[in-house]
2 protein chains.
Amino acid sequence: MKALVLSSGGLDSTTCLALAVQRFGAAEVLALSVFYGQKHQKELQSAKAVAAYYGVAQQTLDLSAVFETSDCSLLQGRAAVPHESYAKQQQAAPNQPVSTYVPFRNGLFIAAAASAAEAARCSYIYYGAHLDDAAGNAYPDCSAAFYRAMNEAIKEGTGGHLKLVAPFIETDKAGVVKQGISLGVPYELTWSCYEGGDKPCGQCGTCRDRLRAFAVNGIKDPLQYEEEHI
Amino acid sequence: MKALVLSSGGLDSTTCLALAVQRFGAAEVLALSVFYGQKHQKELQSAKAVAAYYGVAQQTLDLSAVFETSDCSLLQGRAAVPHESYAKQQQAAPNQPVSTYVPFRNGLFIAAAASAAEAARCSYIYYGAHLDDAAGNAYPDCSAAFYRAMNEAIKEGTGGHLKLVAPFIETDKAGVVKQGISLGVPYELTWSCYEGGDKPCGQCGTCRDRLRAFAVNGIKDPLQYEEEHI
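Residues numbered from 1 in each chain as written. Chains lettered and ligands numbered in written order. Predicted model: local features only at pLDDT ≥ 70, side-chain atom pairs only at ≥ 80, totals over all residues. Heavy atoms only, no water.

Any details on the nonpolar core? Residues and values, ideally.
Note that soluble globular proteins tend to have their nonpolar side chains buried in a common cluster. With 111 residues, the main nonpolar core has Leu108 and Tyr127 of chain A together with Leu108 and Tyr127 of chain B as its most contacted residues. Apart from the residues lying within four places of it in its own chain, the contact partners of Tyr127 of chain A are Leu6, Cys16, Asn106, Ile110, Asp141, Cys142, Phe146, Tyr147, Leu164, Val165, Ala166 and Pro167 of chain A. (Core = buried A, V, L, I, M, F, W, Y, C linked by side-chain atoms within 4.5 Å. Buried < 20%, exposed > 50% of the residue type's maximum accessible area, 1.4 Å probe, protein only. Contact = heavy atoms within 4.5 Å.)

The following block contains the structure:
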């Protein structure tokens with residue numbers, strides 16, 4: 001294997017997977033997904049569907065025990081996910097992570113990916129964080145500064161064997177969709193919504209971001225939403 | 001909670017725990033241990049005994065799924081652990097990690113510690129890596145360069161909430177023992193040996209290092225070894 005891709009089943013990581021498959025070929029790519037105690041399984045189902053579409057190996061890790069004491073609203077048994085944009089949530093509590101921030105989740109996922117990638121003799125980890133994720137410190141573990149430090153930690157901690165690649169770290173979500181469309185990414189198979197309904201809710205922070213990213217590109221999101229939003 | 005201590009039940013992390021308890025008091029310290037698929041449970045038993053001795057909260061995480069495809073000799077069902085010093089193993093394969101290197105283990109453990117520490121509202125993670133661990137690239141994820149990069153990643157990835165403290169990063173193992181003796185660390189409760197026998201083997205890399213660290217201090221290791229080595 002050449003590359004391990006952190007694959008959540010969402011829009012960004014699926015576009016990331018498409019880039020890795022384009023560069024290395026499906027036989028050299030391993031898609032890694034993580035169950036971290038999230039309220040629903042929709043995104044993991046999407047991650048499997050996407051891996052099957054591209055014909056890449058897929059592995060799901062259960063790291064939910066790490067977050068047992070967290071009060072993050074994405075986790076089972078916690079408060080409801082806010083139906084507001086990130087910007088509005090941040091106005092209410094400036095410079096604080098939003099309630100959907102899973103503590104150091106990307107740090108943990110990338111470290112687990114590095115261990116799994118070393119074991120599978122991969123040379124690269126692909127990771128789909130983009131510019132909007134980190135905006136206003138909503139998700140500090142998505143920032144470019146975090147990515148650079150984590151890449152350095154992986155380089156040092158593996159004796160230079162492994163490199164972290166974040167192709168969208170300087171790109172906004174609309175730019176990710178633009179690349180994905182040109183790569184033919186099957187966005188109808190992906191899932192972004194924080195809720196686990198039959199259709200995405202169209203109201204939570206991540207649905208709003210996704211809808212805007214398609215709208216900016218003048219394209220209709222192929223997913224059917226709970227109500228019609230665009 | 002103020003501090004989370006990564007506690008393996010070994011000599012270094014137990015000395016680290018003693019330092020954290022001295023600084024913050026037992027009520028403010030959480031000891032975190034990890035099962036990663038290792039061949040025996042002796043060190044986890046020691047980690048529990050040490051936490052009970054200090055009266056600190058203790059949690060054990062199972063992260064063994066991450067290493068399922070690794071061929072590291074510390075893991076269940078893999079080749080035997082070499083009965084040679086690290087130096088000899090490194091002569092045979094210069095600049096390669098030794099067979100007891102668990103891929104990016106410290107990176108994974110520190111990242112999991114950061115997630116758990118954020119959830120428990122801790123401000124510090126204590127981590128017992130020391131100067132000898134990294135010597136000759138046997139364990140690249142114990143080096144000072146790795147520690148600095150990982151500390152930066154944690155700072156950036158948590159919005160500055162959390163700091164990684166590695167009190168022995170510039171100290172050799174003999175220096176760790178010296179500090180531990182002055183702190184009254186109960187070394188009779190700790191376990192370092194890679195084998196899971198009734199007594200430590202005295203022959204594997206970590207037994208050899210431990211015996212030397214006590215010998216340099218002119219002190220007898222309180223553990224009884226399989227054969228008499230000092």
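Now, about the interface of chain A and chain B: what can you tell me, with residues and values included?
Listed per partner, the contact involves 40 residues of chain A and 40 residues of chain B. Buried surface at the junction of chain A and chain B, both sides included, amounts to about 2,900 Å², of which 67% is carbon and sulfur. Across the pair Arg121 of chain B and Asp71 of chain A runs a salt bridge, and its minimum N-O distance is 3.1 Å. Connecting chain A to chain B are six residue pairs in polar contact (both at pLDDT 80 or more). When contributions to the side of chain A that touches chain B are tallied by element, the ones reaching two or more residues are strand 3 (57–62), helix 4 (105–119) and helix 5 (144–157) of chain A. (Buried area = accessible area lost by both parts, 1.4 Å probe. Salt bridge = Lys/Arg side-chain N within 4 Å of Asp/Glu carboxyl O. Polar contact = N/O pair within 3.5 Å; in protein donor to acceptor, adjacent residues only side chain to side chain. Helix = DSSP H or I, 4+ residues; strand = E, 2+ residues; numbered from the N terminus.)

Help me get a handle on the packing of aromatic side chains, residues and values and all.
The tally for this structure, following the rule as stated, stands at 14 aromatic pairs over all chains. Centroid distance Tyr53 of chain B to Tyr54 of chain B: 4.9 Å. Interplanar angle 85°. Geometry classified as edge-to-face. Under the relative-accessibility criterion, Tyr53 of chain B is labelled partly exposed at 46%. Pairwise contacts between aromatic rings join Phe24, Tyr124 and Tyr126 of chain A into one cluster. (Phe/Tyr/Trp six-rings, centres within 6.5 Å; stacked < 30°, edge-to-face > 60°.)

I'd like a description of helix 1 (residues 11–24) of chain B, backed by residues and values.
Residues and elements named next belong to chain B. Taking 1.5 Å of rise per residue, the 14 residues of helix 1 would be expected to cover 20 Å, and the 20 Å separating its terminal C-alpha atoms lies within 8% of that figure. A large share of helix 1 lies buried, amounting to twelve of its 14 residues. Three or more residues of helix 1 are buried, namely Leu11, Asp12, Ser13, Thr14, Thr15, Cys16, Leu17, Ala18, Leu19, Ala20, Val21 and Phe24. The secondary structure elements touched by the buried residues of helix 1 are strand 1 (3–6), strand 2 (29–35), helix 2 (42–54), strand 4 (124–126), helix 6 (173–183) and helix 7 (205–216). Looking one or two residues beyond helix 1, the residue adopting positive phi is Gly25, at roughly 90°. (Expected span 1.5 Å × (residues − 1).)

Report on the UniProt feature "binding site: ATP" (unreviewed entry) in chain A, specifying residues and quantitative values.
Residue and element names in this part refer to chain A. Within this structure's numbering, the places UniProt gives as "binding site: ATP" (unreviewed entry) are Ser7, Ser8, Gly9, Gly10, Leu11, Asp12, Ser13, Thr14, Thr15, Cys16 and Leu17. Locating Cys16 in the fold gives a position in helix 1 (residues 11–24). Given the relative accessible area of 0%, Cys16 is considered buried. When neighbours within four sequence positions are excluded, Cys16 is seen to be in contact with Val5, Tyr126, Tyr127, Gly128, Pro167 and Phe168. (UniProt positions renumbered as here; feature names shortened; annotations may be inferred.)

Give me the lowdown on the relation of the copies chain A and chain B, citing residues and values where you can.
Placing chain A over chain B gives an RMSD of 0.0 Å and needs a rotation angle of 180°, together with 0.0 Å of translation along the axis. Put plainly, the chains are arranged around a two-fold axis. Taking C-alpha positions as reference, the residue of chain A nearest the rotation axis is Ala149 of chain A, located at 2.8 Å. Interface overlap between copies is the fraction of interface residues in one copy that are interface residues in the other; for chain A against chain B it reaches 100%, indicating a shared surface. (Least-squares fit on C-alpha atoms with pLDDT ≥ 70 in both.)

Could you give me a rundown of the side chain of Gln38 of chain A, with the residues and numbers involved?
All names here are of chain A. Counting through the fold element by element, Gln38 comes out in the loop between strand 2 (29–35) and helix 2 (42–54). With a relative accessible area of 2%, Gln38 lands in the buried category. Engagement of the side chain of Gln38 in a polar contact is seen with the backbone nitrogen of Tyr36, the distance being 2.7 Å. Of the polar contacts made by the side chain of Gln38, one reaches the side chain of Glu43; its length is 3.1 Å. In this structure, Gln38 is in contact with Glu43, Leu44, Leu74, Leu75 and Gln76, ignoring residues within four places of it in sequence.

So, the side chain of Asn106 of chain B: which residues are in play, and what are the values?
If you trace the backbone, Asn106 of chain B turns up in helix 4 (residues 105–119). Classification of Asn106 of chain B by relative accessible area gives buried; the value is 12%.

Let's hear about the pattern of salt bridges: which residues, and what values?
Residues and elements named next belong to chain A. One pass over the full model with this rule turns up ten salt bridges over all chains. Notably, a salt bridge pairs Asp12 with Lys173, separated by 3.1 Å at the nearest N-O pair. Here Lys173 lies in helix 6 (residues 173–183) and Asp12 lies in helix 1, a separation of 161 residues in the sequence. The pair formed by Asp12 and Lys173 is uniform in burial state, with each residue classed as buried.

So what's going on with the UniProt feature "binding site: Zn(2+)" (unreviewed entry) in chain A? Which residues, and what values?
Residue and element names in this part refer to chain A. The UniProt record annotates "binding site: Zn(2+)" (unreviewed entry) at Cys193, Cys201, Cys204 and Cys207. Along the polypeptide, Cys204 turns up in the loop between helix 6 and helix 7 (205–216). Discounting chain neighbours no more than four positions away, the residues touching Cys204 are Val81, Pro82, His83, Glu84, Cys193 and Tyr194.

I'd like a description of the pairing of strand 1 (residues 3–6) of chain A, backed by residues and values.
The side chains of a regular strand alternate between the sheet's two faces. Residues and elements named next belong to chain A. Side chains of strand 1 alternate between two faces, with Ala3 and Val5 and Leu4 and Leu6 buried alike. Relative to strand 2, strand 1 is paired through four bridges, and the arrangement is parallel. Within strand 2, the residue paired with Val5 across the bridge is Ala31. Crossover handedness for the path strand 1 to helix 1 to strand 2: right-handed. Where strand 1 meets strand 4 (residues 124–126), three bridges bridge the pair, whose relative direction is parallel. The residue bridging Leu4 from the neighbouring strand is Ile125, located in strand 4. (Pairing = 2+ DSSP bridges. Right-handed = clockwise from strand over helix to strand, strands pointing away.)

Account for the packing of helix 5 of chain A against helix 5 (residues 144–157) of chain B, with residues named and values stated.
As a packed pair, helix 5 of chain A and helix 5 of chain B sit with axes 8 Å apart at the nearest point and diverge in direction by 155°. Classified by the interaxial angle, the pair formed by helix 5 of chain A and helix 5 of chain B is roughly antiparallel. Seen from above, helix 5 of chain A lies across helix 5 of chain B with left-handed handedness. Here helix 5 of chain A contributes Ala145, Phe146, Ala149, Met150, Glu152, Ala153, Glu156 and Gly157 of chain A to the contact with helix 5 of chain B, which in turn contributes Ala145, Phe146, Ala149, Met150, Glu152, Ala153, Glu156 and Gly157 of chain B. Of the residues belonging to the contact of helix 5 of chain A with helix 5 of chain B, the class tally is ten nonpolar, two polar and four charged. (Axes fitted to C-alpha atoms, helices over the stretch in contact; angles between N-to-C directions. Parallel < 35°, antiparallel > 145°, perpendicular 65-115°, else oblique. Left-handed = near helix turned anticlockwise from the far one by under 90°. Nonpolar A, V, L, I, M, F, W, Y, C, P; charged D, E, K, R; others polar.)

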